[in-house]
Structure formats: C-alpha cells, structure tokens
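Coordinates in review
Below, each chain spelled out in residue letters.
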Amino acid sequence: MSIAKVTEVISSSSKSFDDAVENGIKRASKTLKGITGAWVADQKVTVSDGEIQEYRVVLKITFVLDD
C-alpha cells in the first residue's frame, strides 16, 4: 500500500499556459520525488496595456511518499 500527498504550486510563463504547467512540474520535480500526476486547479493572465504579460497556473501535484 502506498500513501500519496497533494501539494499546491503556482507557476508562471510569459509564453503560454502550457509552458507555465511545464515550468511548474519541472521545478517541483527538483524537490518532490515520486510525482505521479498533476491537475490545473486555476489559471489566470496578467494584462498590461491590452497585452497579456504573464500566464499563471495553480497546479495540484500528487506524489507518493517514501516508505
């Protein structure tokens, strides 16, 4: 039997939502071991002068705890 934990990560990108997700997973995997999945809980953009400046995502990342 394994036990999993879910943690929340906020990530951003100047390119796209997809890039923000990839950035978040890549960074989280440096610290969290055993990541098995993630879902986007929320997404948002910041806007300045009618232009999108930044794409932001809130990720819920699932990882399995070591025995």
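The name given to the protein in an unreviewed UniProt entry is Dodecin domain-containing protein, and the organism recorded there is Yoonia maritima.

Some words on helix α1 (residues 17-31)
Taking 1.5 Å of rise per residue, the 15 residues of α1 would be expected to cover 21 Å, and the 22 Å separating its terminal C-alpha atoms lies within 8% of that figure. Every buried residue of α1 is listed here: D19, A20, G24 and A28. Taken around the axis of α1, the buried residues stretch over an arc of 160°, which confines them to a single face. Facing away from the buried side of α1 by over 90 degrees, the exposed positions are D18, E22, K26 and K30.

Rules of the game
Residues numbered from 1 in each chain as written. Predicted model: local features only at pLDDT ≥ 70, side-chain atom pairs only at ≥ 80, totals over all residues. Heavy atoms only, no water. Helix = DSSP H or I, 4+ residues; strand = E, 2+ residues; numbered from the N terminus. Expected span 1.5 Å × (residues − 1). Buried < 20%, exposed > 50% of the residue type's maximum accessible area, 1.4 Å probe, protein only. Arc of directions from axis to C-beta.

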